[in-house]
Amino acid sequence: LAKHPEIKALMKPDYNLIWVVVLMVLAQLTAFYLVKDLDWKWVVFWAYVFGSCISHSMTLAIHEISHNSAFGNSKAMWNRWFGIFANLPLGLPYSISFKRYHMDHHRYLGGDGIDVDIPTNFEGWFFCTPFRKFMWIVLQPFFYAIRPLCINPKPITRLEVINLLAQLSFDVVIYYLWGVKSIFYMLAGSVLGLGLHPISGHFIAEHYMFLKGHETYSYYGPLNLLTFNVGYHNEHHDFPNIPGKSLPLVKKIAAEYYDNLPQYNSWIKVLYDFVMDDTISPYSRMKRQLKGEVKQE
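What you see as residue numbers is a count from 1 along each chain, following the sequence as written. Only residues with pLDDT of 70 or above have their local features reported here, since the model is predicted, and side-chain atom pairs are shown and tallied only from 80 upward, although totals for entire chains, interfaces and linings are computed over all residues. Only hydrogens and water are removed before side-chain values are computed, so all heavy atoms of the structure are retained for them.

**What about the overall build of the protein chain?**
For the record, the criterion: Starting at the N terminus, helices and strands are each numbered in turn, a helix being any DSSP run of H or I of at least four residues and a strand any DSSP run of E of at least two. Exposed residues in this analysis have more than 50% of their type's maximum accessible area, buried residues have under 20%, and partly exposed residues fall in between, with area computed by a 1.4 Å probe over protein chains only. Charge convention: Lys and Arg are scored as positive, Asp and Glu as negative, and His as well as the terminal groups of each chain are ignored. Every charge is mapped to an atom, namely NZ of Lys, CZ of Arg, CG of Asp or CD of Glu.
Each helix and strand in the protein chain was counted, giving 14 helices and 2 strands. Taking the principal axes of its C-alpha atoms as reference, the protein chain extends roughly 55 × 45 × 40 Å. Here the protein chain holds 297 residues, and 52% of them are scored as buried. Here the protein chain contributes 26 positively and 23 negatively charged side chains, and the mean placements of these two sets differ by 3 Å.

Put into structure tokens, the structure is as follows:
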């Protein structure tokens with residue numbers, strides 16, 4: 001910032017995010033209606049080909065909203081309510097809990113017992129062969145759901161209860177209106193989109209140390225168009241209060257800090273390399289023993 005103070009001008013809400021999220025919710029509602037009378041094979045097909053992409057993209061919209069990118073820091077609660085709305089087409093309550101744990105990930109990156117993005121010792125010990133690592137990728141959504149309860153369980157908050165009740169109410173309405181195939185499409189899209197899917201390469205690309213000494217990596221490929229530029233991950237961790245839309249400008253302005261860092265051009269290759277490289281496993285993360293006072297979200 002001392003060298004490039006113009007970056008401060010990028011620290012403002014991205015109001016376009018609001019309309020994008022609304023359109024994504026409407027797109028999924030339309031899909032729920034269209035799949036209700038299809039054969040099961042086509043429900044599964046569209047859940048993976050279309051629903052998974054929308055669902056994973058929506059989780060990254062929720063990531064943006066968790067950083068108050070929709071309405072700004074001065075309207076933090078507006079962002080929380082909007083996150084609950086964005087959560088609806090995913091089928092499972094996610095938004096409020098994600099925000100609580102994700103802020104810890106930024107404050108205490110790699111913090112042992114705090115950052116639940118770090119795999120458990122069991123994951124690192126068991127998923128150590130190509131086949132087991134492949135299955136770990138398939139099961140990623142389950143590990144991301146269970147891991148916080150094992151590593152850093154937190155008391156349930158009022159907003160999490162509201163998130164749960166809103167989600168259950170939405171799911172019941174969808175089932176009542178359009179039946180079990182729409183519910184299956186919704187839930188299957190979320191599970192498939194966060195598991196064995198090209199976009200899921202970002203989970204591994206962001207912080208797994210393919211090169212020793214480099215614990216955060218950026219990806220500058222085309223899938224950023226579907227993921228609110230989450231691939232610009234070094235830039236995001238440097239400036240978490242800058243919306244994803246503006247992160248390419250951060251890289252352009254401060255190119256001397258980012259251009260020479262290790263980077264990826266393919267999340268699919270990241271997944272392949274993770275499975276096939278015997279030197280990489282869920283253990284390939286930087287873990288820190290935190291000192292001093294820890295203030296969690």
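Anyway, onward from the coordinates.
**Some details on a nonpolar patch on the surface**
Which entries qualify depends on this criterion: Each patch is assembled from residues with relative accessible area greater than 30% and no salt bridge, linking like charges that lie within 9 Å and nonpolar side chains (Val, Leu, Ile, Met, Phe, Trp, Tyr) that lie within 5 Å. Per-residue and other accessible areas follow the Shrake-Rupley method at a 1.4 Å probe size, with only the shown protein chains counted as cover for residues. In the sections that follow, a salt bridge refers to a side-chain nitrogen of Lys or Arg positioned within 4 Å of a carboxyl oxygen of Asp or Glu.
On the surface, Trp42, Phe45, Trp46, Tyr48, Val49, Phe50 and Leu192 cluster together into a nonpolar patch covering about 600 Å² of accessible area. When residues of the nonpolar patch are assigned to their parent elements, the largest contribution, 6 residues, is made by helix 2 (residues 40-66). Under the relative-accessibility criterion, Val49 is labelled partly exposed at 40%.

**Looking at the UniProt feature "transmembrane region" (unreviewed entry) in the protein chain**
Put simply, the test is: UniProt positions are given in the numbering used here, feature names are shortened, and annotations may be inferred rather than shown by experiment.
In the UniProt entry, the feature "transmembrane region" (unreviewed entry) is given for residues 17-35, 42-61 and 81-98. Within residues 17-35, the helical portion is 100% and the strand portion 0%, while the C-alpha atoms at the span's ends are 27 Å from each other. Across residues 42-61, helical content stands at 100% and strand content at 0%; the span's end C-alpha atoms are separated by 27 Å.

**As for the packing of aromatic side chains**
Rules: Classification of ring pairs rests on two measures: the distance between centres of Phe, Tyr or Trp rings, Trp counted by its six-membered ring, which must be within 6.5 Å, and the angle between planes, read as stacked under 30 degrees, edge-to-face over 60 and tilted in between. A ring has a charge above it when a Lys NZ or an Arg CZ is no more than 6 Å from the ring centre and no more than 35 degrees off the ring normal.
On inspection of all chains with the given rule, the structure shows 24 aromatic pairs. Relative to Tyr185, the ring of Phe32 lies with its centre 5.8 Å away and its plane at 80°, an arrangement referred to as edge-to-face. Of this pair, Phe32 sits in helix 1 (residues 16-35) while Tyr185 sits in helix 9 (residues 180-193), and the two are 153 residues apart along the sequence. Here the aromatic rings of Phe82 and Phe85 are separated by 5.9 Å at their centres, their planes lie at 25°, and the arrangement is stacked. A residue pair is termed a helical-turn pair when its members lie 3 or 4 positions apart in one helix, as Phe82 and Phe85 do in helix 3 (residues 76-87) at 3 residues. Every member of this aromatic cluster is reached through a ring pair, and the members are Phe122, Trp125, Phe126, Phe127 and Phe143. In this arrangement the basic side chain of Lys75 is found over the ring face of Trp78, its NZ or CZ atom lying 4.3 Å from the centre. Over the face of the ring belonging to Phe274 we find Lys133, whose NZ or CZ atom lies 5.5 Å from the ring centre.

**Examining helix 3**
Defined as follows: Take the residue count of a helix, subtract one, and multiply by 1.5 Å to get its expected span. Note on definitions: a residue-residue contact is assigned when non-hydrogen atoms from the two residues lie within 4.5 Å.
Taking 1.5 Å of rise per residue, the 12 residues of helix 3 would be expected to cover 16 Å, and the 17 Å separating its terminal C-alpha atoms lies within 8% of that figure. Taken together, the buried positions of helix 3 are occupied by Asn79, Arg80, Phe82, Gly83, Ile84, Ala86 and Asn87. Packing partners of the buried residues in helix 3 comprise helix 1, helix 2, helix 4 (95-107) and helix 8 (158-178).

**Examining the pattern of salt bridges**
All told, the structure shown has 12 salt bridges when counted by the stated rule. A salt bridge links Arg285 to Asp117, with the shortest nitrogen-to-oxygen separation between them at 2.9 Å. Linking Arg285 in the segment after helix 14 (267-276) with Asp117 in the loop between helix 4 and helix 5 (121-126), this pair joins segments that are 168 residues apart in sequence. Assessed through its relative accessible area of 13%, Asp117 is described here as buried. Among the salt bridges present, the one from Lys269 reaches Asp273, with a minimum N-O distance of 2.7 Å. With Lys269 and Asp273 both in helix 14, this residue pair falls 4 residues apart, about one helical turn. Classification of Asp273 by relative accessible area gives partly exposed; the value is 23%. Beyond isolated ion pairs, a larger network of salt bridges with shared partners links Asp104, Arg107 and Lys154.

**Regarding the environment of Pro282**
Along the chain, the position of Pro282 falls in the segment after helix 14. Sequence spacing of Pro282 and Asn121 is 161 residues, and the spatial spacing of their C-alpha atoms is 8.7 Å. Those residues within four positions of Pro282 in sequence are excluded, and the remaining contacts are Pro119, Glu123, Gly124, Phe127, Trp136, Tyr208 and Phe274.

**A word on the environment of Leu164**
Tracing the sequence through the fold places Leu164 in helix 8. Taking relative accessible area as the criterion, Leu164 reaches 36% and is therefore assigned partly exposed. Once the C-alpha coordinates of Leu164 and Leu247 are considered, the two residues, 83 residues apart in sequence, prove to be 32 Å apart.

**Observations concerning the environment of Ile183**
Take Ile183: it is sitting in helix 9. You can call Ile183 buried: its relative accessible area is 16%. In the structure, Ile183 is positioned 91 residues away from Leu92 in sequence and 11 Å away in space, judged by C-alpha atoms. Every residue in contact with Ile183, bar those within four places of it in the chain, is listed here: Asp171, Ile174 and Tyr175.

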